[in-house]
Amino acid sequence: MALEVLVAAFVLTQLCYAVVNCGLLALFLRRPANVVDERTLGRVLEANGGRIGREDEQSSRVAIQTDGGPLKGERGSPERKHSLGPDCRLPAALQRRIHVFVPLVRGRWRGLEATLASIAAQSYPTSLVSVTVVYEPRETDALALEGAIDADRPPGLEVETLSLDATARAVEQTRGASAPAGDGGVESGNPSENGERTWWATGTGTSPTAATMLTAAFESRSVAADDLVAVFEAGSWLPVDAFELAVAGLEEYDVVQTKHTVRDVDAGILPLLDSMATAAWSDLGYRSSTGPYHLLGSGYLATGRVLEDVTSWRRRTGDDVPLGLAASHRGNALGVVDRYVRLDCPPELEAWLDRKRAWTRDLYRRFFARGWSGVDDLRCWSGTLLLQSLALLSVVGVPAAALVAVLSAGGASVALPLTVQLLVGFNVIVWAYYCLRAYRAAWDAVPFRSWPHGIAYSLLANPFSQALYATLWAAPICLGLVDLAHGDA
């Protein structure tokens, strides 16, 4: 009886795997048309009377150290003649001011010095970049933060801190939304007087607190319509030509998003496996420039004009949708910068679960929000939902497949019809192809110290460990859904 139940579970999960894999196969076969890379830079330069040098276009690595390790740079980065300062391939007419906002949520600024160092080491002129570190005064020791920034402040980079009480501003927003407009019910020209301050920074991976802080920081700064706004979380490590390519991409697109992976791959097995999974997800997540699309909580850039337009649209319609979906509704095209911003990943299981649980909770809170079109939901989150479906299926599918394989090898009579065998073969082929894509994305994203380091990484992040890691993802997914059912923010 137990064997029949096992075989039934195996067949059922393989059938579900095949359905999910058909969706993944559609993503694999769809070639992205919105990649921002050296070819984009070349087109922009040619349109403005210049051209990219062949030696710059074909350069592959640049030796630079910004996070304490002897790294070899990033794929496609231009060679730099010196450690800091401008060495930009864009003409001065195309160089625009970039306002970088770094929110510190729950008082965490681990890795902030590496983020500031990688910003200062950009090939983009440092004189055109200003960084605003936004923090909650009740969660962050202002003197300690200022001391940490001053101790490691890169030369020539403008860095300032901004203290904002996100809780008080959220309460102000809630009260303002139910208050009459202006004096005597007459609408005021000031959005804040009408309770119309809309948090434009909402998005996947951005907590309500961070969204409140970012929006308030944006409003407190003088950002021209053609200026660029960038958001990065503390601990982000930027490739040396990330800004340069992003600015070039914004000549063809309205919003650009960088890809993501993990920075501290040597900190433990969880960061190592997460680096490959995140790189693969980033590589598959954006297939269209027209959307609907989602933006991650870090590593995106847009003009002040786009953000003001999105905020005004959300204010008029009352739709509380993430920034990416709102931007696509307004007809803003998305470009994906072919560079991987590397983020921190907790090496401890409990901290990893907490972070992924919060991310999943926010994802499904947005997904189930009222006012969204079902077709938009499916198109916007298809890649993420397919990968999370694989994680949930693997809770039963991986143990069932392992037991069936062991019993078959031990001589047990496990008879599977030809159709089931073909189904299993199809699933194995799709998973093998996904692993190949994941390896390619990880090899592009992670700058290995040496070839033995790359081989060790590839052996540890093998298809079997990736399957176990996908199974582990079922825990934060279920916990996030439970939190959502209980009404936890």
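Residues numbered from 1 in each chain as written. Predicted model: local features only at pLDDT ≥ 70, side-chain atom pairs only at ≥ 80, totals over all residues. Heavy atoms only, no water.

Undergrad: Give me helix H12 (residues 349–367): which residues, what numbers.
TA: An ideal rise of 1.5 Å per residue puts 27 Å on 19 residues; H12 measures up with 26 Å between its terminal C-alpha atoms. Taken residue by residue, H12 has Trp352, Leu353, Lys356, Trp359, Thr360, Arg361, Asp362, Leu363, Tyr364, Arg366 and Phe367 as its buried positions. (Helix = DSSP H or I, 4+ residues; strand = E, 2+ residues; numbered from the N terminus. Expected span 1.5 Å × (residues − 1). Buried < 20%, exposed > 50% of the residue type's maximum accessible area, 1.4 Å probe, protein only.)

Undergrad: An account of the nonpolar core is requested, with residue identities and associated values reported.
TA: Taken as a class, soluble globular proteins show a tendency for nonpolar side chains to be buried jointly. Among the nonpolar cores identified, the biggest contains 73 residues, and Val255 and Tyr457 are the most heavily contacted of them. Beyond its immediate sequence surroundings of up to four residues, Val255 is in contact with Leu250, Tyr293, Leu295, Leu301, Ala302, Val306, Ala327, Asn332, Ala333, Leu334 and Gly335. By size, the runner-up hydrophobic cluster in this structure holds 42 residues, among which are Leu112, Val129, Val159 and Leu238. (Core = buried A, V, L, I, M, F, W, Y, C linked by side-chain atoms within 4.5 Å. Contact = heavy atoms within 4.5 Å.)

Undergrad: Give a detailed account of the pairing of strand S5 (residues 228–231), specifying residues and quantitative values.
TA: Side chains Leu228 and Ala230 project from S5 onto one buried face, and the interleaved Val229 and Val231 project onto a second face that is buried too. Examined bridge by bridge, strand S2 (residues 98–104) and S5 share four bridges and lie parallel to one another. Across the sheet, the residue bridging to His99 is Val229, located in S5. Both S5 and strand S7 (residues 300–303) contribute to a ladder of four bridges, which runs antiparallel. Paired with Ala230 across the two strands is Leu301, which belongs to S7. (Pairing = 2+ DSSP bridges.)

Undergrad: Residue-level account of a nonpolar patch on the surface, with values.
TA: Taken together, the side chains of Trp451, Ile455 and Leu459 present a nonpolar region at the surface, about 400 Å² in accessible area. Tracing the backbone shows Ile455 in helix H15 (residues 451–460). The exposure class of Ile455 is partly exposed, given its relative accessible area of 42%. (Patch = residues over 30% accessible without salt bridge, like charges linked within 9 Å, V, L, I, M, F, W, Y side chains within 5 Å. Areas by Shrake-Rupley, 256 points an atom, 1.4 Å probe, with all protein chains shown as cover. Salt bridge = Lys/Arg side-chain N within 4 Å of Asp/Glu carboxyl O.)

Undergrad: How would you explain helix H8 (residues 242–249) if you had to name every residue and give the values?
TA: Of all eight residues in H8, eight are buried, a share of seventy percent or more. Residues of H8 that are buried include every one of Ala242, Phe243, Glu244, Leu245, Ala246, Val247, Ala248 and Gly249, and no others.

Undergrad: I'd like to hear about the UniProt feature "transmembrane region" (unreviewed entry) in the protein chain, residue by residue, with values.
TA: The positions UniProt marks with the feature "transmembrane region" (unreviewed entry) are residues 385–407 and 414–434. The span residues 385–407 is 100% helix and 0% strand, and its two end C-alpha atoms sit 32 Å from each other. Across residues 414–434, the secondary structure splits into 81% helix and 0% strand, with the terminal C-alpha atoms separated by 28 Å. (UniProt positions renumbered as here; feature names shortened; annotations may be inferred.)

Undergrad: Talk me through the side chain of Gln257; I want residue IDs and the actual numbers.
TA: Inspection of the secondary structure assignment puts Gln257 in strand S6 (residues 255–262). When its relative accessible area of 0% is taken as the criterion, Gln257 is described as buried. Excluding residues that lie within four positions of it along the chain, Gln257 makes contacts with Tyr286, Leu295, Leu296, Ser298, Gly299, Tyr300, Leu334, Gly335, Val336 and Val337.

Undergrad: Quick one: what's the story with the packing of H12 against helix H17 (residues 474–485), residue by residue and with numbers?
TA: Interaxial distance between H12 and H17 falls to 8 Å at its minimum, and their mutual angle equals 55 degrees. It follows from the interaxial angle that H12 and H17 lie oblique. For the pair H12 and H17, the sense of crossing is right-handed. Across the interface between the two elements, Trp352, Leu353, Lys356, Arg357, Thr360, Arg361, Tyr364 and Arg365 from H12 touch Ala475, Pro476, Ile477, Leu479, Gly480, Leu481, Asp483 and Leu484 from H17. Here the contact of H12 with H17 is built from residues that sort into nine nonpolar, two polar and five charged. (Axes fitted to C-alpha atoms, helices over the stretch in contact; angles between N-to-C directions. Parallel < 35°, antiparallel > 145°, perpendicular 65-115°, else oblique. Left-handed = near helix turned anticlockwise from the far one by under 90°. Nonpolar A, V, L, I, M, F, W, Y, C, P; charged D, E, K, R; others polar.)

Undergrad: I'd like a rundown of the confidence of the model for the protein chain, residues and numbers included.
TA: Averaged over every residue, the pLDDT of the protein chain is 79; residues scoring 70 or more account for 79%. Counting interchain partners and residues more than four positions distant, the pLDDT-below-50 stretch residues 174–198 has 26 contacts. (pLDDT = per-residue confidence, 0-100.)

Undergrad: Run through the pattern of salt bridges, naming residues and quoting values.
TA: Counted according to the given criterion, the structure contains 18 salt bridges. In this structure, the salt-bridge partner of Arg89 is Glu244, at a minimum N-O distance of 2.6 Å. Placement of Arg89 in the loop between helix H3 (54–58) and S2 and of Glu244 in helix H8 is noted, with a sequence separation of 155 residues between them. Note that Arg221 is salt-bridged to Glu160, the shortest N-O span being 3.1 Å. Pair noted here: Arg221 is in the loop between helix H7 (208–220) and S5 and Glu160 is in strand S4 (residues 158–163), with a separation of 61 residues, a long-range link. In this structure Glu160 comes out as partly exposed when scored by relative accessible area, which is 31%.

Undergrad: So what's going on with the packing of helix H1 (residues 2–29) against helix H14 (residues 418–445)? Which residues, and what values?
TA: Orientation of H1 relative to H14, taken along the N-to-C sense of each, is 45 degrees, at an axis distance of 9 Å. Classified by the angle their axes make, H1 and H14 are oblique. As for how H1 packs across H14, the hand of that crossing is left-handed. Contacts between H1 and H14 involve Phe10, Val11, Gln14, Leu15, Tyr17, Ala18, Asn21, Cys22, Leu25 and Phe28 from the first element and Val420, Leu423, Val424, Phe426, Asn427, Val430, Tyr433, Tyr434 and Arg437 from the second. Taken together, the residues that form the contact of H1 with H14 break down as 15 nonpolar, three polar and one charged.

Undergrad: Could you give an account of the environment of Val428, naming the residues involved and the relevant values?
TA: Checked against the element boundaries, Val428 lands in helix H14. Along the primary structure Val428 and Ala18 are separated by 410 residues, whereas in three dimensions their C-alpha atoms are 9.7 Å apart.

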